[in-house]
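# Fold and geometry: a report
Okay, here's what each chain looks like letter by letter:
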Amino acid sequence: MSISLSDLLKESTAAAHEQSESSPFVGELLDGKLDAEAVGALTAQLYVVYWNMESTAQAHYSQNPLLGGFLDPALERTGALESDMAYHHGEDWQGKLDDGVIPIVPATRTYSDAITNGHSAEFLLANHYVRLLGDLSGGQIIHRMVQRQYGIPDAGLNFYLFPAIGKIKPYKDAYRQRLDKLDLDEAGRKAVIGHAQRIFGYNGAIFTDLYATFGDKQRGVA
Ligand code: HEM
């Protein structure tokens, strides 16, 4: 196994990453063509995904030899997203979410079902890589641009802030080294790569569903 798992993951997901990065919702969001409501809607989708991700990992994998080492509390997003939900949707956001007043798009439900029903250590490891390395990378760019374009304070963007991990680059390097030290055979590596590619697809589908609502609204169609 010549190529390291972290390099294989980066290489094998580069095309899917490019597709997510260039999705119309992301493009218009970063160009300032959407609005704070679109940021609030994205926040709600992320809350549902991360709540499922972190509660499933805690419930079933905290001691798992493959995934356990990555479940760093400093990376957990659910708490940060709860604060952001209160900022964007009011203190009664949980009730609004439960009553369906805050729309959760079909792609978010599909992704969350894959996490809660189809989970394995390999799946959740791939998901952790796609989501958390993404948040520590492009997420930092999204934070800056969304703040600049829509004037949203950090009180509504806690999701993108990682106060407990210090410098991001050395943390990401250590994360990749931890991936490379994992005892995974060829079949295991293949499974993680396949999941990572599919998980980029789940994330891209959320952007597509959000664009169906917010893209058209901007053009005064809806
Ligand atoms: C605005 C859209 C995005 C931008 C501008 C962006 C930008 C970047 C950049 C610059 C890197 C390289 C960082 C490095 O090498 O250290 C990166 C890495 C990454 N991004 Fe994105 N990204 C975006 C969207 C996404 C999305 C939607 C996801 C997944 C849901 C994602 C997942 C990742 C992952 C997993 C990596 C780490 C790749 C690796 O080093 O193995 N990105 N992103």
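Calculation rules
- Residues numbered from 1 in each chain as written.
- Predicted model: local features only at pLDDT ≥ 70, side-chain atom pairs only at ≥ 80, totals over all residues.
- Heavy atoms only, no water.
- Helix = DSSP H or I, 4+ residues; strand = E, 2+ residues; numbered from the N terminus.
- Buried < 20%, exposed > 50% of the residue type's maximum accessible area, 1.4 Å probe, protein only.
- Contact = heavy atoms within 4.5 Å.
- Areas by Shrake-Rupley, 256 points an atom, 1.4 Å probe, with all protein chains shown as cover.
- Expected span 1.5 Å × (residues − 1).
- Arc of directions from axis to C-beta.
- Core = buried A, V, L, I, M, F, W, Y, C linked by side-chain atoms within 4.5 Å.
- Near = heavy atom within 4 Å.
- Polar contact = N/O pair within 3.5 Å; in protein donor to acceptor, adjacent residues only side chain to side chain.
- Donors = N, O, S within 2.8 Å, 3.2 Å for Na, K, Ca; no water.
- Salt bridge = Lys/Arg side-chain N within 4 Å of Asp/Glu carboxyl O.
- Phe/Tyr/Trp six-rings, centres within 6.5 Å; stacked < 30°, edge-to-face > 60°.
- Lys NZ or Arg CZ within 6 Å of the ring centre and 35° of its normal.

## Observations concerning the overall build of the chain
What the chain contains, in helices and strands, is 10 helices and zero strands. Reading the helices (α) and strands (β) of the chain from amino to carboxyl end gives α-α-α-α-α-α-α-α-α-α. Each principal axis of the C-alpha distribution contributes one length, and for the chain these read about 55 × 35 × 30 Å. Counting across all 222 residues of the chain, residues that qualify as buried make up 49%. The long-range fraction of contacts in the chain, counting pairs at least 24 apart against all pairs at least 6 apart in sequence, stands at 82%. Counting only carbon and sulfur atoms, one obtains 54% of the accessible surface of the chain, whose full area is about 10,500 Å².

## Things to note about helix H6 (residues 106–117)
Along its 12 residues, H6 runs 16 Å from first to last C-alpha, staying within 8% of the 16 Å computed at 1.5 Å per residue. Residues Ala107, Thr108, Tyr111, Ser112, Ala114 and Ile115 constitute the buried set of H6. Within H6, the buried residues cover an arc of 155° as seen down the axis, which keeps them to one side. Residues Pro106 and Asn117 are exposed on H6 and point more than 90 degrees away from its buried face.

## What to know about the environment of phenylalanine 162
Here phenylalanine 162 shows up in the loop between helix H8 (138–150) and helix H9 (168–180). Residues phenylalanine 162 and tyrosine 87 lie 75 residues apart in sequence; the distance between their C-alpha atoms is 18 Å. For phenylalanine 162, the contacting residues outside a window of four places in its chain are Ala74, Leu75, Arg77, Leu132, Asp135, Leu136 and Gln140.

## Here we look at the nonpolar core
In terms of nonpolar packing, the biggest core is built from 73 residues, with Phe25 and Leu179 touching the most fellow members. Broken down by element, this core gets its largest block of residues, 13 residues, from helix H3 (residues 36–61). With sequence-adjacent residues up to four places away left out, leucine 179 is seen in contact with Leu5, Ser6, Leu9, Phe70, Leu125 and Tyr129.

## Looking at the site of the ligand
Every one of the 20 residues lining the ligand counts as a neighbour, but Lys10, His17, Tyr129, Lys172 and Arg176 are closest to it. A distance of 2.8 Å is found between an oxygen atom of the ligand and a side-chain nitrogen or oxygen belonging to lysine 172. Put simply, the parts of the chain that give the shell around the ligand at least two residues each are helix H1 (5–21), helix H2 (24–30), helix H7 (121–135), H8, H9 and helix H10 (186–218). Of the residues forming the shell around the ligand, the biggest block, five residues, is contributed by H7.

## Section: the coordination of the iron atom of the ligand
What the protein offers the iron atom of the ligand as a donor is a single atom, His17 (NE2), at 2.0 Å. Relative to the helices and strands, histidine 17 is located in helix H1.

## Regarding H3
Compared with an ideal rise of 1.5 Å per residue, which puts 26 residues at 38 Å, H3 spans 36 Å between its outermost C-alpha atoms and is within 8% of the ideal. Most of H3 sits inside the fold, with 19 of its 26 residues counted as buried.

## A look at the pattern of salt bridges
A full pass over the atoms with the stated rule returns six salt bridges. Measuring nitrogen to oxygen at the nearest pair gives 2.8 Å for the salt bridge that ties aspartate 135 to arginine 131. Remark: arginine 131 and aspartate 135 occur in helix H7; sequence separation between them is four residues, near one turn of the helix. As far as the burial class goes, aspartate 135 and arginine 131 line up, both buried.

## What about the packing of aromatic side chains?
Across all of its chains, the model carries six aromatic pairs by this definition. Aromatic side chains tyrosine 50 and phenylalanine 159 sit 5.2 Å apart centroid to centroid with 75° between the ring planes, which places their arrangement in the edge-to-face category. Remark: phenylalanine 159 occurs in the loop between H8 and H9 and tyrosine 50 occurs in helix H3; sequence separation between them is 109 residues. Ring-pair connections join several aromatic residues into one group, and the members of that group are Tyr50, Phe159 and Tyr160. Sitting over the face of the ring of phenylalanine 162, arginine 77 holds its NZ or CZ atom 3.8 Å from the ring centroid.

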